[in-house]
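Breakdown of the fold
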Amino acid sequence: MFLSIVSSIFTYICILLAVAFFTLLERKGLSYIQLRKGPNKVGLMGLPQPIADAAKLLTKEIAKPSMANYSPYFAAPILSFILALLLWQLYPSLYSVSYFKWGILFFLCVSGMNVYGTLLAGWASNSKYALLGSLRAIAQTISYEVSMALILLFPLFMVGSFNFLEIKESQEFIWFSIIMLPLALMWFTTCVAETNRAPFDFAEGESELVSGFNIEYGAAGFALIFLAEYANILVMSLFSALLFFGGSSFVIIESDLGFMFKVLTFSFIFIWVRASYPRFRYDLLMNLTWKSFLPTALSFLLFIALLSYSIYF
């Protein structure tokens, strides 16, 4: 029990450090893609910039909008942050002290609750801009969770297990992305939409929503919301690498390093996509999941189910 608590605390500290320096990677990546330098004034090459940002946000005065509902207003960022950290309990390492046999179900339950943090933040702020942003985000997230759940059933049918570690180890000889490349592309697109990232960042459309559901937040509340967002980006990169680009775990050091390289690659693709594409139209985004992803995922799922039935019987 004590070892499990210590391991979880150490994991959460590492996640916070990873999130902090991922923001620096994003700012540097976007700047060089746009032919500029990015953060380079704080310390050596701007490396301590995330620490300076954290110090600035956490020492600012916490704003309290006079018309806000205070309890849910302050609870929303904390809820979003806790849910983002909970997903990291599913990290499939051989050094983990906890073993999730029903990892996929846990992932679906926790990710499905993320909309409550957004809903509370938008409603409790008592602002029309925040409420419109939260409604957009909720509609988008719930719509893409349907196709995400169906795509998740594909590796589940292939392996016959809900455990992420077993799904990872089952791809020793061939990646699932090679077998079903369209589903892998659909999964990554769904991850971009689920995390409200450009070009699907309608929850934070600055031109029409003035930053969306988090407009009334500043200081620590703002920091928690964006820590949750970037932690979700990293965890979705982790699951993308695990579900469709897994590998052998016979050589622990090599496999862990190789796996983390895959996760970093997917994380950088999030940044690359943001730098490359303009914001999508909202009706086209909804058509994409309901009229393209959903029928395609159902067709592939039916094919895999019939194939599994024919093999077993």
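Analysis parameters
Residues numbered from 1 in each chain as written. Predicted model: local features only at pLDDT ≥ 70, side-chain atom pairs only at ≥ 80, totals over all residues. Heavy atoms only, no water. UniProt positions renumbered as here; feature names shortened; annotations may be inferred. Helix = DSSP H or I, 4+ residues; strand = E, 2+ residues; numbered from the N terminus. Buried < 20%, exposed > 50% of the residue type's maximum accessible area, 1.4 Å probe, protein only. Arc of directions from axis to C-beta. Salt bridge = Lys/Arg side-chain N within 4 Å of Asp/Glu carboxyl O.

- You'll find the protein chain entered in an unreviewed UniProt entry as NADH-ubiquinone oxidoreductase chain 1, with Splendrillia sp. 1 MNHN IM 2013-9619 given as the organism.
- In its Catalytic activity (unreviewed entry) section, UniProt records this for the protein chain: "a ubiquinone + NADH + 5 H(+)(in) = a ubiquinol + NAD(+) + 4 H(+)(out)".

1. Here we look at the UniProt feature "transmembrane region" (unreviewed entry) in the protein chain
- The sites that UniProt annotates as "transmembrane region" (unreviewed entry) are residues 6–25, 70–91, 103–125, 146–167, 173–193, 233–253, 259–277 and 289–312.
- In the segment residues 146–167, helix accounts for 82% and strand for 0%; the C-alpha atoms at its two ends are 21 Å apart.
- Regarding residues 259–277, the helix share stands at 95% and the strand share at 0%, and the terminal C-alpha atoms are separated by 27 Å.

2. Re helix α2 (residues 49–59)
- Here α2 has its buried residues at Gln49, Pro50 and Leu57. Looking straight down α2, one finds its buried side chains confined to an arc of 95 degrees; they lie on one side. Residues of α2 that are exposed and point more than 90 degrees away from the buried face comprise Ile51, Leu58 and Thr59.

3. Examining the pattern of salt bridges
- Taken as a whole, this structure holds five salt bridges when the rule is applied.
- Linking Asp201 and Arg279 is a salt bridge whose minimum nitrogen-to-oxygen distance equals 2.9 Å. Taken as a pair, Asp201 in the loop between α9 (181–194) and α10 (206–209) and Arg279 in the loop between α12 (252–276) and α13 (282–312) lie far apart in primary sequence, 78 residues in all.
- For Arg279, a relative accessible area of 32% corresponds to the partly exposed category.
- In this structure, Arg281 and Asp283 form a salt bridge, with 2.8 Å as the shortest nitrogen-oxygen distance.
- By relative accessible area, Asp283 is classed as partly exposed at 37%.
- Beyond isolated ion pairs, a larger network of salt bridges with shared partners links Glu26, Arg197 and Arg274.

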